[in-house]
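In case you want the letters, here they are:
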Amino acid sequence: MTSNEFVPRRVTVVGCGYLGAVHAAAMAEIGHDVVGFDVDEAKVALLNTGHTPFYEPGLDDLLERTLATGRLRFTTSYQEAADNGDVIFLCVGTPQRKDSNAADLVYVRSAVENLAPLLTEPALVLGKSTVPVGTAEWVRDTLRELAPAGDAVRLAWNPEFLREGFAVKDTLSPDRLVVGVDDPADAAELATVYGPILEQGMPWVVVDLATAQLVKNAANAFLATKISFINAMAELCEATGADVVALADAIGHDARIGRRFLQAGVGFGGGCLPKDLRGFMARAEELGVDQALAFLSEVDSINLRRRKRAVDVATELLDGDVTGKRIAVLGAAFKPDSDDIRDSPALDVAGTLHEMGADVRVHDPKALDNARRTRPGPQYCDDVREALAGADVVLHLTEWREYRELDPAEIGALVAGKKLLEGRNALDVDRWVAAGWDVKALGRPRVGG
Ligand SMILES: NC(=O)c1ccc[n+]([C@@H]2O[C@H](COP(=O)([O-])OP(=O)(O)OC[C@H]3O[C@@H](n4cnc5c(N)ncnc54)[C@H](O)[C@@H]3O)[C@@H](O)[C@H]2O)c1
Ligand SMILES: O=c1ccn([C@@H]2O[C@H](COP(=O)(O)OP(=O)(O)O[C@H]3O[C@H](CO)[C@@H](O)[C@H](O)[C@H]3O)[C@@H](O)[C@H]2O)c(=O)[nH]1
């Protein structure tokens, strides 16, 4: 732990997407004077009027509250971003490159190269984006070279571990804060920035720059590995008639293993785990240690096989031919409580079945606009009952609470065939079976019917 004495600062958050918008509002909430900066004019206009450009539980309220204090505003001006930046958080995107597995650092480079020449005063710049190890060192050197304030612009790396759907809570009460520094004085300064958060007593982990970047890569690689491990077990279960949910429960009782992140199903997606896994492998290859992470390529393959398995099971439930069949897909977002459809398994499966000639009707409580824009083809239904009406098979692919609350007996009267693919192992299968449904859950024996 460290001194938690809080010092309100002028803070700039560069990049106001899923991470940055929440971080900006959270920094204002704890008392800083915050400018959120983004190159996307539409996003900035929305945020300035208190509207969130994406769905994240609790963010509307937080944004409204912090805008009302006058401590938060959003801008598209690099100059305003630099002028308010005693402390500058870098939160721009680092997606997968289109031509390789590596992370695309174009946004990091552009943000740093445009901002640096405007930094005439001392500043503490904090990288929060997930980057290949070595990026922080480039950011540090570029800032020193291009900033008029020179060495007075310092760089620390402060990776972010928030989960979408829990972003507000995870930002205001993280389970740990990690900071990579060249100089311990920078960590001490950052501790005063995070004062009210650190007061809650979570671990404050100070490491070097390289370790901080690797901590983030390692955390996501581990989480992805844990999910693919249980999904590999699901393959074994399906080959033997065993039950992956019972297996996960049984091994999860061992505290060394733990039950969390052992939810077998259609696999992981989103804007983080898949691309971070691949970016990590690409960086290892550049560093000449690709063998160290060779197993992650299996983690990725196992994960992608889950989507194919879901398509195959849907086909089996439709007696081998999906052409012209009505398929209701419950869920488009990559996880519940989010409208994020980046690399969403649900949308991938829905899109594939549509391309195979099925009549696919997708429902999601929040992600339909994003889905319509990104994956045209399937029919998107605002009302879950519209998606279900006349369906020959129902695919549960994103475990929104409202799907758990559906009454299988009532739904049974709407559909043409009472067949369910449970792709998330989150529904009470016994209830569905009791209502006469034929249920195939991924990694579990087919029951009912
Ligand atoms: N989404 C998460 O849950 C999460 C959690 C932890 C870490 N991360 C990491 O945080 C980073 C951001 O992820 P995200 O999900 O918020 O992405 P995002 O695409 O939602 O947001 C990125 C934002 O950066 C903006 N941007 C791009 N170039 C810019 C520039 N030069 N100046 C200012 N803004 C610019 C974009 O317009 C966009 O609004 C990534 O590295 C990601 O891996 C994300
Ligand atoms: O047991 C599980 C747990 C998760 N998932 C799936 O894995 C994906 C990712 O889930 P989760 O990790 O909860 O969501 P993210 O919001 O993508 O968060 C991850 O990625 C962020 C960005 O790097 C990190 O900050 C978080 O710590 C890390 O959990 C989703 O598709 C989930 O459905 C499973 O299939 N089984």
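Above this text sits the structure in question.
Residues numbered from 1 in each chain as written. Chains lettered and ligands numbered in written order. Predicted model: local features only at pLDDT ≥ 70, side-chain atom pairs only at ≥ 80, totals over all residues. Heavy atoms only, no water.

**Student:** What's the story with the overall build of the chain in this structure? I'm lost.
**Tutor:** Secondary structure summary: the chain contains 19 helices and 15 strands in total. In summary, the chain has a C-alpha radius of gyration of 23 Å against a globular reference of 22 Å for 449 residues, a match within 12%. With the C-alpha coordinates aligned to their principal axes, the bounding extent of the chain is approximately 70 × 50 × 40 Å. In the chain, buried positions account for 55% of the 449 residues. Within the chain, counting contacts between residues at least 6 apart in sequence, those at least 24 apart form 72% of the total. Total accessible area on the chain is roughly 18,200 Å²; 52% of this is exposed by carbon and sulfur atoms. (Helix = DSSP H or I, 4+ residues; strand = E, 2+ residues; numbered from the N terminus. Rg over C-alpha atoms; globule rule 2.2 N^0.38 Å. Buried < 20%, exposed > 50% of the residue type's maximum accessible area, 1.4 Å probe, protein only. Contact = heavy atoms within 4.5 Å. Areas by Shrake-Rupley, 256 points an atom, 1.4 Å probe, with all protein chains shown as cover.)

**Student:** Where do I start with the site of ligand 1 in this structure?
**Tutor:** The environment of ligand 1 is formed by 28 residues, the closest being Leu19, Asp38, Lys43, Thr94 and Lys275. Here an oxygen atom of ligand 1 and a backbone polar atom of Tyr18 are 3.0 Å apart. Within the side chain of Tyr78, one N or O atom sits 3.0 Å away from a nitrogen atom of ligand 1. In isolation ligand 1 has 830 Å² of accessible area, and contact with the protein removes 90% of it. A total of 3 residues in the shell around ligand 1 trace back to one element, the largest contributor, which is helix α5 (residues 106-115). Of the residues contributing to the shell around ligand 1, the split by class is 13 nonpolar, 7 polar and 8 charged. (Near = heavy atom within 4 Å. Polar contact = N/O pair within 3.5 Å; in protein donor to acceptor, adjacent residues only side chain to side chain. Nonpolar A, V, L, I, M, F, W, Y, C, P; charged D, E, K, R; others polar.)

**Student:** Would you explain the packing of helix α13 (residues 294-317) against helix α14 (residues 345-355) in this entry?
**Tutor:** Packed helices, taken two at a time, are described by their axes: the angle between them and the distance between them. Following both chains from N to C, one finds α13 and α14 inclined at 45°, their axes separated by 9 Å at the closest point. Between α13 and α14, the angle falls in the class oblique. In this structure, α13 crosses over α14, and the sense of that crossing is right-handed. Residue-level contacts link Arg307, Ala310, Val311 and Ala314 of α13 to Pro345, Asp348, Val349, Thr352 and Leu353 of α14. When grouped by side-chain class, the residues that make up the contact of α13 with α14 number 6 nonpolar, 1 polar and 2 charged. (Axes fitted to C-alpha atoms, helices over the stretch in contact; angles between N-to-C directions. Parallel < 35°, antiparallel > 145°, perpendicular 65-115°, else oblique. Left-handed = near helix turned anticlockwise from the far one by under 90°.)

**Student:** I keep staring at the pattern of salt bridges and nothing clicks. Help me out?
**Tutor:** In a structure, side chains of opposite charge can pair up when their charged atoms sit close to one another. Under the criterion given, the structure shown has 41 salt bridges. Between Arg256 and Asp254 there is a salt bridge, with its nearest N and O atoms 2.8 Å apart. Judged by relative accessible area, Arg256 falls into the exposed class, the value being 77%. A salt bridge links Arg361 to Asp359; the shortest N-O distance between them is 2.8 Å. (Salt bridge = Lys/Arg side-chain N within 4 Å of Asp/Glu carboxyl O.)

That is the geometry; function is a separate question.
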